[in-house]
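Secondary and tertiary structure notes
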Amino acid sequence: MENKKKKTIAVVPARLGSQRVRAKNLRLLGGKPLIFYIINALKKSKLVDEIYINSDSELFKEIADRYKVNFYLRKKELATSESMIDDYIYDFCKNIDCDVLAVANPTSPFLTENDIDNAIKNFNKNNFDTQLACEDIKTHCFYKGNPINFSTKGQHPRSQDLIPIKALNFAVTIWKKESFIENYEKNNYGVYTGNIGHYSFEGLANIDIDWEEDFILAEYLIGHMKHGKSSNIKYDPVMDDLNESGKKIEN
């Protein structure tokens, strides 16, 4: 007997309120609202069955209609600055049918469909209850004055030899819906449910737009990509007489 295909729904959370940048999900980036980019990537995904914008504002119903995705109206009390992610996800899970829930960050405009599909494949392959999205950072880190990924008892280790710190960025975080519901109803939380795994995104997928400065940098990057510009690698003229291994070319 064949295993039943798991129904995977992607949710794009989009509160209207934002403390750091006013209505940032509707702020134009490259001529389109920020939220467009994650929706566009999700629509190209081969593994996402349905897409929902989850918001407290009917303005996002217009966005959902424009881009031909579903809309879920979140209760106002689940959309304040003090609201917890566990609560609005639980509310959604109790009302929308699915097996796997992928919450995709609207402030990650450079995520691609391949990034999304690879994350879902990893989740399914490893049979996680929760898969947290993160970025691997190889740098020397301290917490409350204590080193956490290296030792100060000895020579300073090279950064490339460090065990990377996994910094959560919630680019695409994935749960088994039933596991989430069960844990929430038992313990009043759901984000950290059951068998927890991590999925590390790479490169531009880790760019997260939270501050005004982030929009400025992203606008330059969008323009660069839109015009199909490729990086023309150049070096200072002192490199002209060196070969690829860094040795001087003998005349």
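Residues numbered from 1 in each chain as written. Predicted model: local features only at pLDDT ≥ 70, side-chain atom pairs only at ≥ 80, totals over all residues. Heavy atoms only, no water.

Tallied over the full model, the rule gives 11 salt bridges. Here D210 ties to K24 by a salt bridge, and the two come within 3.2 Å at their closest N and O atoms. Placement of D210 in the loop between β12 (196-201) and α6 (212-226) and of K24 in the loop between β1 (8-13) and β2 (28-29) is noted, with a sequence separation of 186 residues between them. According to the relative accessible area criterion, D210 is buried, its value standing at 14%. By relative accessible area, K24 is classed as buried at 12%. Between K177 and E178 there is a salt bridge, with its nearest N and O atoms 3.9 Å apart. Residue K177 is classed as buried on the basis of its relative accessible area, which comes to 8%. Three or more residues are tied together by salt bridges with common partners; here these are K7, E50 and D97. (Salt bridge = Lys/Arg side-chain N within 4 Å of Asp/Glu carboxyl O. Helix = DSSP H or I, 4+ residues; strand = E, 2+ residues; numbered from the N terminus. Buried < 20%, exposed > 50% of the residue type's maximum accessible area, 1.4 Å probe, protein only.)

In this section: the packing of aromatic side chains. Where two aromatic rings form a pair, the distance of their centres and the angle of their planes describe that pair. Applying the stated criterion across every chain, the model contains nine aromatic pairs. A centroid spacing of 5.3 Å and a plane angle of 85° characterise the contact between F142 and F150, whose relative ring orientation is edge-to-face. Note on F142: relative accessible area 48%, which makes it partly exposed. Taking the relative accessible area as the measure of exposure, F150 reaches 15% and is therefore buried. Connected via pairs of aromatic rings, a cluster forms that spans Y90, W175, F180 and Y184. Above the plane of the ring of F36 lies K32, whose end atom (NZ or CZ) is 5.0 Å from the centre. Cation over ring: R74 sits above Y88, and NZ or CZ is 4.0 Å from the ring centre. (Phe/Tyr/Trp six-rings, centres within 6.5 Å; stacked < 30°, edge-to-face > 60°. Lys NZ or Arg CZ within 6 Å of the ring centre and 35° of its normal.)

Fair warning: the whole summary comes from geometry, so function is off the table for now.
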